[in-house]
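Descriptive analysis of the structure
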Amino acid sequence: MSFRIRALPAAPFAGLSGLDEAALSARLIKRLVVDTHPGYPCRVSLADARPGETVHLLHYTHQEAETPFRASHAIYVRDGVASADLPQGEVPDMIRRRIISLRAFDADDMMVNAEVADGIDVAACIGTLFRHPSTDYIHLHFAKQGCFAARVDRA
(Lines give C-alpha, C1' and ligand atoms only; values in the text may rest on other atoms or scores of the structure.)
Protein backbone atom coordinates (compact mmCIF):
# COMPACT_ATOMS: atom_id res chain seq x y z
CA MET A 1 0.00 0.00 0.00
CA SER A 2 1.38 3.41 -0.96
CA PHE A 3 1.47 6.00 1.81
CA ARG A 4 3.12 9.28 2.71
CA ILE A 5 3.96 10.44 6.22
CA ARG A 6 3.27 14.17 6.56
CA ALA A 7 5.21 16.62 8.69
CA LEU A 8 3.61 19.66 10.25
CA PRO A 9 4.15 22.87 8.25
CA ALA A 10 6.97 25.09 9.52
CA ALA A 11 5.18 28.43 9.05
CA PRO A 12 2.95 28.39 12.17
CA PHE A 13 6.04 27.91 14.36
CA ALA A 14 8.46 30.24 12.55
CA GLY A 15 8.09 33.18 14.93
CA LEU A 16 8.74 31.27 18.14
CA SER A 17 12.50 31.84 18.16
CA GLY A 18 11.95 35.62 18.23
CA LEU A 19 9.73 35.58 21.32
CA ASP A 20 11.12 36.30 24.77
CA GLU A 21 10.49 33.97 27.70
CA ALA A 22 7.53 36.02 28.97
CA ALA A 23 5.78 35.86 25.58
CA LEU A 24 6.43 32.12 25.33
CA SER A 25 5.17 31.56 28.86
CA ALA A 26 1.97 33.47 28.09
CA ARG A 27 1.38 30.96 25.28
CA LEU A 28 2.27 27.99 27.54
CA ILE A 29 5.40 27.30 25.45
CA LYS A 30 8.71 26.14 26.90
CA ARG A 31 12.02 26.82 25.12
CA LEU A 32 14.51 24.02 25.79
CA VAL A 33 18.07 23.26 24.84
CA VAL A 34 18.39 19.61 23.84
CA ASP A 35 20.62 17.58 26.16
CA THR A 36 20.17 14.02 24.85
CA HIS A 37 19.68 12.20 21.56
CA PRO A 38 17.26 10.77 20.75
CA GLY A 39 14.60 12.31 22.91
CA TYR A 40 13.18 15.47 21.31
CA PRO A 41 11.31 14.41 18.15
CA CYS A 42 10.44 17.42 15.98
CA ARG A 43 7.06 17.23 14.24
CA VAL A 44 8.16 19.67 11.53
CA SER A 45 11.48 18.11 10.46
CA LEU A 46 10.42 14.57 11.46
CA ALA A 47 13.86 14.13 13.02
CA ASP A 48 15.17 14.04 16.57
CA ALA A 49 16.89 17.24 17.62
CA ARG A 50 20.61 17.04 18.41
CA PRO A 51 22.22 18.10 21.71
CA GLY A 52 22.71 21.86 21.78
CA GLU A 53 19.77 22.59 19.45
CA THR A 54 16.81 24.67 20.63
CA VAL A 55 13.32 23.19 20.62
CA HIS A 56 9.95 24.53 21.68
CA LEU A 57 7.57 22.36 23.68
CA LEU A 58 4.01 23.46 23.04
CA HIS A 59 0.40 22.37 23.05
CA TYR A 60 -0.88 21.42 19.59
CA THR A 61 -4.32 20.35 18.34
CA HIS A 62 -3.57 17.54 15.90
CA GLN A 63 -7.13 16.31 15.48
CA GLU A 64 -9.33 19.35 14.92
CA ALA A 65 -12.41 17.41 13.87
CA GLU A 66 -15.67 18.16 15.62
CA THR A 67 -16.04 14.57 16.76
CA PRO A 68 -15.44 12.75 20.05
CA PHE A 69 -11.91 12.15 18.72
CA ARG A 70 -10.91 15.82 18.73
CA ALA A 71 -7.46 15.74 20.35
CA SER A 72 -4.38 17.71 21.31
CA HIS A 73 -1.14 17.12 23.18
CA ALA A 74 2.35 18.50 23.69
CA ILE A 75 4.82 18.40 20.78
CA TYR A 76 8.42 19.46 20.15
CA VAL A 77 9.34 21.76 17.29
CA ARG A 78 12.98 22.48 16.40
CA ASP A 79 14.02 26.05 15.92
CA GLY A 80 14.37 27.23 12.30
CA VAL A 81 13.81 23.97 10.41
CA ALA A 82 11.96 23.39 7.17
CA SER A 83 8.99 21.05 6.94
CA ALA A 84 10.09 17.56 5.94
CA ASP A 85 8.85 16.27 2.60
CA LEU A 86 9.34 12.52 2.82
CA PRO A 87 9.25 10.28 -0.22
CA GLN A 88 6.33 7.92 -0.60
CA GLY A 89 6.66 4.92 1.71
CA GLU A 90 9.50 6.34 3.84
CA VAL A 91 9.31 6.03 7.61
CA PRO A 92 11.68 8.48 9.35
CA ASP A 93 14.13 7.30 12.00
CA MET A 94 12.31 9.22 14.75
CA ILE A 95 9.34 6.87 14.13
CA ARG A 96 11.38 3.72 13.47
CA ARG A 97 13.20 3.90 16.82
CA ARG A 98 10.07 4.10 19.01
CA ILE A 99 6.92 2.14 19.84
CA ILE A 100 4.10 3.70 17.84
CA SER A 101 0.34 3.79 18.28
CA LEU A 102 -1.45 3.95 14.93
CA ARG A 103 -4.99 5.32 14.85
CA ALA A 104 -7.02 4.94 11.65
CA PHE A 105 -9.79 7.43 10.87
CA ASP A 106 -12.55 7.47 8.27
CA ALA A 107 -13.62 10.41 6.09
CA ASP A 108 -15.91 11.59 8.91
CA ASP A 109 -12.92 11.77 11.31
CA MET A 110 -14.14 8.84 13.37
CA MET A 111 -11.61 6.27 14.57
CA VAL A 112 -12.25 2.97 12.82
CA ASN A 113 -9.19 0.94 13.83
CA ALA A 114 -6.02 1.11 15.91
CA GLU A 115 -2.78 -0.81 16.36
CA VAL A 116 0.46 -0.61 18.31
CA ALA A 117 3.74 -1.50 16.59
CA ASP A 118 7.47 -1.34 17.01
CA GLY A 119 8.74 1.48 14.83
CA ILE A 120 10.50 -0.89 12.45
CA ASP A 121 7.12 -2.51 11.73
CA VAL A 122 5.16 0.72 11.17
CA ALA A 123 5.21 0.58 7.36
CA ALA A 124 3.65 -2.89 7.34
CA CYS A 125 1.07 -1.84 9.92
CA ILE A 126 0.16 1.25 7.86
CA GLY A 127 -0.40 -1.03 4.88
CA THR A 128 -2.66 -3.29 6.92
CA LEU A 129 -4.74 -0.38 8.21
CA PHE A 130 -5.11 1.13 4.73
CA ARG A 131 -6.42 -2.21 3.40
CA HIS A 132 -9.62 -1.48 5.31
CA PRO A 133 -11.80 0.49 2.86
CA SER A 134 -13.10 2.79 5.59
CA THR A 135 -9.62 4.06 6.52
CA ASP A 136 -9.10 7.56 5.11
CA TYR A 137 -5.97 8.59 7.06
CA ILE A 138 -3.86 7.50 10.03
CA HIS A 139 -2.39 9.37 12.97
CA LEU A 140 0.87 8.12 14.46
CA HIS A 141 1.49 8.67 18.17
CA PHE A 142 4.46 7.88 20.38
CA ALA A 143 3.00 5.08 22.48
CA LYS A 144 4.85 5.84 25.72
CA GLN A 145 4.05 9.54 25.99
CA GLY A 146 0.88 9.39 23.88
CA CYS A 147 1.76 12.51 21.90
CA PHE A 148 1.06 13.02 18.20
CA ALA A 149 3.95 12.18 15.86
CA ALA A 150 2.65 12.59 12.31
CA ARG A 151 -0.24 12.07 9.90
CA VAL A 152 -0.23 9.37 7.21
CA ASP A 153 -2.18 9.68 3.97
CA ARG A 154 -2.60 7.33 1.03
CA ALA A 155 -0.19 8.20 -1.76
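My aim in this report is to walk through the structure given alongside it, one point at a time. Each chain carries its own residue numbering, running from 1 in the direction its sequence is written. Owing to the predicted nature of the model, reporting of local features is limited to residues with pLDDT of at least 70; listing and counting of side-chain atom pairs is limited to 80 or more, with chain, interface and lining totals taken over all residues. Side-chain metrics rest on all non-hydrogen atoms present in the structure, leaving aside hydrogens and water.

1. Here's the deal with the layout of surface pockets
Put simply, the rule is: Of the grid points, spaced at 1 Å and generated over the protein atoms alone, those admitting a 1.4 Å probe that cannot get out make up cavities, while open sets with protein on both sides within 12 Å along at least five of seven lines make up pockets; any residue with an atom within 4 Å of a point is treated as lining. Grid points are joined across faces, edges and corners, and a volume is the space filled by probe spheres set on the points. Think of it this way: any DSSP run of H or I at least four residues long counts as a helix, any run of E at least two long counts as a strand, and we number them from the N terminus.
Space inside the largest pocket adds up to approximately 260 Å³. In terms of lining, the largest pocket is formed by 15 residues, of which the most central are P41, R98, F142, K144 and Q145. In terms of residues, the lining of the largest pocket owes the most to one element, strand β4 (residues 71-78), which gives four residues.

2. Here's the deal with the pattern of salt bridges
The condition is simple: Put simply, a salt bridge is a Lys or Arg side-chain nitrogen that is within 4 Å of an Asp or Glu carboxyl oxygen. For every residue, the accessible area obtained with a 1.4 Å probe (protein chains only) is divided by the maximum for its type, and the residue is called buried under 20%, exposed over 50%, and partly exposed between those limits.
Under the criterion given, the structure shown has seven salt bridges. With its nearest N and O atoms 2.9 Å apart, the salt bridge here joins R78 to E53. Linking R78 in strand β4 with E53 in the loop between β2 (30-33) and β3 (54-63), this pair joins segments that are 25 residues apart in sequence. The partly exposed category is assigned to E53, whose relative accessible area is 22%. Sharing partners across several salt bridges, the network here consists of R6, R151 and D153.

3. What to know about the nonpolar core
The tendency in soluble globular proteins is for nonpolar side chains to be buried side by side. Inclusion rule: In this description, a nonpolar core means a group of buried Ala, Val, Leu, Ile, Met, Phe, Trp, Tyr and Cys residues linked to one another through side-chain atoms lying within 4.5 Å. Throughout, a contact is declared for two residues whenever any of their heavy atoms are within 4.5 Å.
Ranked by internal contacts, the top residues of the largest apolar core, which has 24 residues, are I5, I95, L102, I126, I138 and L140. Those elements that provide at least two residues to this core are β1 (3-6), α2 (93-96), β5 (99-105), α3 (122-130), β7 (137-142) and β8 (148-154). No other element matches the five residues that α3 contributes to this core. Setting aside residues no more than four positions away along its own chain, L102 makes contact with N113, A114, E115, A117, V122, C125, I126, L129, I138, H139 and L140. Core analysis: the next-biggest nonpolar cluster, separate from the first, contains 13 residues, L16, L19, L24 and F148 among them.

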